[in-house]
Amino acid sequence: MSSALPWFILLLPFLAAVLIVLLTKSYRGLSSFISVAAVLGSFACSCLVFTTENIRSIELTWIDLRPVLYVPLGFVLDDLSKTMLVLVTGIGALIHIYSLGYMKDDAGKSRYFASLSFFMFSMLGIVLSNNFVMMFIFWELVGVSSYLLIGHWFEREAAAEAAKKAFLTNRLGDFGFMLGILMAWTATGSVVFQDMAAELGRITSYPEYLTVAALLIFCGAVGKSAQFPLHVWLPDAMEGPTPISALIHAATMVAAGVYMLVRVGFLIQASATALSVIAWIGTVTAVMAALIATQQNDIKRILAYSTLSQLGYMVMAVGLASGEAAMFHLFTHAFFKALLFLGAGSIIVMLHHEQNIWKMGGLAGRLGITFLTFMVGTLALIGFPPFSGFFSKDLILALAYEKNPAIFWLALFTAFLTAFYMVRLIVVVFFGKPRSDHARAGREAPWVMIVPLMILAIPAFASGFGFVAKLFLRLPGQDEHGWLVPGLALAATLAGITLAVLLYRRRESDPIDFALVRERFYFDEIYGFLINATQGVLARLSAFLDRWILDLGLIRGASGATWGFGSLLRLLQVGNLQAYSFLFGLGIVGLIYFTLFR
Amino acid sequence: MITLGHYLIVSGLLFTIGFAGVLLRRNIIIIFMSLELMLNAANLSLVAFSRFRVDSAGMPDYNGQVFVFFIITVAAAEVAVGLAIIVALYRARQTTHVEDVSTLKF
């Protein structure tokens, strides 16, 4: 059955964005309601699509240059994309509603909601695309809308810089992604995922080519999912409004990289080298980000690094050739991380935009519901049974235990660190004595912000149970490892909790001071130096070329030569009639001489 | 016996006199007359060529003479235009001397 329903899902947010920008920009209240209505409509359509078996979408032809290139405007509607649709529109809807409260008095509210709707459109485009060309376009659009949203408060220099950094870092990865797409297209002769999978046999005989193509495509995911070494943009992206951090930089956009890897899993799994590179990059990211998170003082940055670390887990799972495990963790993570960010958002807003955890403290009593939901999110994140994160993380750990022990121990260490930094956050923010006036005066957020928290707390708790997750995902067959892996994971988590509670109970400032970690392994400084050393030198060189060779040599040279010849020739133009006739006569004599006597 | 050479020498002298007049005289009207002299030098040589190029029946080649008629016609038209320009110039500048007219625009 062909249906136009998926088109509604995709185009409703787009229409909202267009409507807001063109018509209702000056009516801030109306704009926000248009945007919320669009995402709710999208969510309703997604649910309909999700519950319909064997649904097929209307497909249009965009570029038809067969047999060289055929690009349809078509949607893929399998279990994977249906789950992502519900996830993205569902969490998106909650965050739209939450934003009504968070952005209530913001002067740029219309612009904010227009960008948010535009983001929903681009993200849904990535989820629905059935070919690489469409996906790449939406991929870039997601980058653009992320740029707009991070830079929402562009009058703050840090936000403007962060937006630029996010966009450029993403572009770096996207360049590799584009090359990878071109390589895969050259080899298989198609950009449609289904046909590529069918034609894959053509390139399996060239394993090196396949490895390079897979790794280049992975580059795109490295940029968008903020994996090492392109992870530097995500923590800075926290300069944007907090709902944005929840939606884009925790639940959906950064998951796009993992989703894409799972979508083209057939290509990546054909190359063992690519798989192991991917697994190790995921592992490095997970451990590194968790280490950094233990020494950060900004509540959103801690959450940002924990996002990095969890994305590392997902990429690790992709690298261990289990897209299902990656998607399971993506699914649970989207709920509990969105919950954590929204919780952090309501703390921040109630404390008048104070983000330093050492200026908080003792909030458990006054921000009761926020505290409870935040606890649910935390327990899910650190993988405490029976919260959702336990199941999905356990699946990845079991996978690693089976395939690569080194990765398993590092992943276990990350689980320990995760528990440590999250409990540190909880202890410092919610317990002890308030350490600032704002913290003493903090009160619960308005209901539009609290209700999404309560709704999100439910899946954050329950989405890990097998019977719930099976509704949405195909779970891999559980290999029985007995209680070894979950037992070790639980032990690591408990160790982390105990250590954090012992270290941070009743502290006024951080007892540990580890500069290397606190300064995020100096990545920003190293990149800054590298960029100065390479791009700075190149810029100076090209400035020199432009100024002295092009400008002086070619442009001024050409005009100067013309001018010089002109003034030379001007000497002949005396204006005297008889001088002209004399020269004319001389010319004739010369002509006759040359024609007759030479 | 007067040969073609004699005619051409006379024609060349006429042309040289005309050209020298164009180069050396200052008065535009005299220059104009010298120009006519040069045209007539050409006419003379054309007629001479016509007279000395005889076909088998003893008839001269009339092409040269037809040319001369054309030149006389064109010269008459040119004189009309040229004199009109000179009159206009005199009205504007009160001069017929070439040194006084050395700019394109005034």
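In short, a report on the structure.

### Examining the overall build of chain B
Stage number 1. When you go through chain B residue by residue, the secondary structure sums to 3 helices and 0 strands.
Stage number 2. For chain B, the sequential pattern of α-helices and β-strands runs α-α-α.
Stage number 3. Since a compact globule built from 106 residues should have a radius of gyration of about 13 Å, the 18 Å found for chain B marks it as more spread out than a globular shape.
Stage number 4. When the backbone C-alpha atoms are referred to their principal axes, chain B occupies close to 60 × 25 × 20 Å.
Stage number 5. In chain B, which comprises 106 residues, the share counted as buried stands at 10%.

### Details of the overall build of chain A
Stage number 1. Within chain A, the secondary structure is distributed over 25 helices and 4 strands.
Stage number 2. Seen through its C-alpha atoms, chain A measures out along the principal axes to roughly 115 × 60 × 50 Å.
Stage number 3. Residues classed as buried in chain A amount to 51% of the 598 residues present.
Stage number 4. Long-range pairs, those at least 24 residues apart, make up 81% of the contacts in chain A between residues at least 6 apart in sequence.

### Quick word on the packing of helix α10 (residues 242-251) of chain A against helix α14 (residues 299-319) of chain A
All names here are of chain A.
Stage number 1. Remark: α10 packs on α14, axes separated minimally by 11 Å, with the N-to-C direction vectors making an angle of 10°. By the angle between their directions, the pair α10 and α14 is classed as roughly parallel. Facing α10, whose interface residues are T242, S245, H249 and A250, α14 presents K300, A304 and T307.
Stage number 2. Its residues assigned to classes, the contact of α10 with α14 comprises 2 nonpolar, 4 polar and 1 charged.

### What to know about the nonpolar core
Stage number 1. Grouped together as the largest cluster of nonpolar side chains are 200 residues, with contacts concentrated most on I217, V258, M316, A338, L339 and A411 of chain A.
Stage number 2. Among the elements that line this core, the one with the most residues is helix α15 (residues 323-350) of chain A, at 19 residues.
Stage number 3. Core analysis: the second largest hydrophobic core is formed by 5 residues, F19, I28, I31 and F32 of chain B among them.

### Here's the deal with the packing of helix α25 (residues 577-597) of chain A against helix α1 (residues 4-24) of chain B
Stage number 1. Across the interface, α25 of chain A lies against α1 of chain B with an axial gap of 8 Å and an inter-helix angle of 145°. Mapping the contact onto sequence places Q578, S581, F582 and G585 of chain A in α25 of chain A and F19, V22 and L23 of chain B in α1 of chain B.
Stage number 2. Partitioning the contact of α25 of chain A with α1 of chain B into residue classes produces 4 nonpolar, 3 polar and no charged.

### What to know about the pairing of strand β4 (residues 69-73) of chain A
Residue and element names in this part refer to chain A.
Stage number 1. Sheet topology places strand β3 (residues 60-65) next to β4; 5 bridges connect them, and they run antiparallel. Note on β4: the bridge partner recorded for I63 is V71.
Stage number 2. Following β3, the chain reverses through 3 residues before pairing antiparallel with β4.

### As for the environment of A250 of chain A
All names here are of chain A.
Stage number 1. Tracing the backbone shows A250 in helix α10.
Stage number 2. Put simply, A250 and L340 are 90 residues apart on the chain and 9.5 Å apart in space, counted from C-alpha to C-alpha.
Stage number 3. Contacts of A250, omitting those with residues within four sequence positions, involve S245, T307, K337, A338 and F341.

### Topic: helix α2 (residues 28-52) of chain B
Stage number 1. Helix length check: α2 of chain B (25 residues) gives 36 Å between terminal C-alpha atoms against 36 Å at 1.5 Å per residue, within 8%.
Stage number 2. Regarding α2 of chain B, the residues found buried are I28, I31, F32, A41, N43, S45 and A48 of chain B.

### Quick word on the environment of L124 of chain A
All names here are of chain A.
Stage number 1. Within the secondary structure layout, L124 lies in helix α4 (residues 109-128).
Stage number 2. L124 sits in the buried class, given 29 other C-beta atoms within 10 Å.
Stage number 3. Put simply, L124 and R520 are 396 residues apart on the chain and 33 Å apart in space, counted from C-alpha to C-alpha.
Stage number 4. The contacts of L124, once residues within four sequence positions are left out, are I9, L10, L85 and V88.

### Notes on the interface of chain B and chain A
Stage number 1. Counting residues at the interface gives 6 residues for chain B, matched by 7 residues for chain A.
Stage number 2. Among the residues forming the side of chain B that touches chain A, the class breakdown is 4 nonpolar, 2 polar and no charged.

### With respect to the environment of A38 of chain A
Residue and element names in this part refer to chain A.
Stage number 1. With respect to the helices, strands and loops of the structure, A38 is situated in helix α2 (residues 28-51).
Stage number 2. Overall, A38 belongs to the buried group, with 26 C-beta atoms counted inside 10 Å.
Stage number 3. Sequence separation of A38 and R505 is 467 residues, and the distance between their C-alpha atoms is 46 Å.
Stage number 4. With residues near it in sequence (within four places) discarded, A38 still touches L12, P13, L15, A16 and S117.

The rules behind these values
Residues numbered from 1 in each chain as written. Chains lettered and ligands numbered in written order. Predicted model: local features only at pLDDT ≥ 70, side-chain atom pairs only at ≥ 80, totals over all residues. Helix = DSSP H or I, 4+ residues; strand = E, 2+ residues; numbered from the N terminus. Rg over C-alpha atoms; globule rule 2.2 N^0.38 Å. Buried ≥ 20, exposed ≤ 12 C-beta atoms within 10 Å, placed from the backbone. Contact = placed C-beta atoms within 7 Å. Axes fitted to C-alpha atoms, helices over the stretch in contact; angles between N-to-C directions. Parallel < 35°, antiparallel > 145°, perpendicular 65-115°, else oblique. Nonpolar A, V, L, I, M, F, W, Y, C, P; charged D, E, K, R; others polar. Core = buried A, V, L, I, M, F, W, Y, C linked by C-beta atoms within 7 Å. Pairing = 2+ DSSP bridges. Expected span 1.5 Å × (residues − 1).

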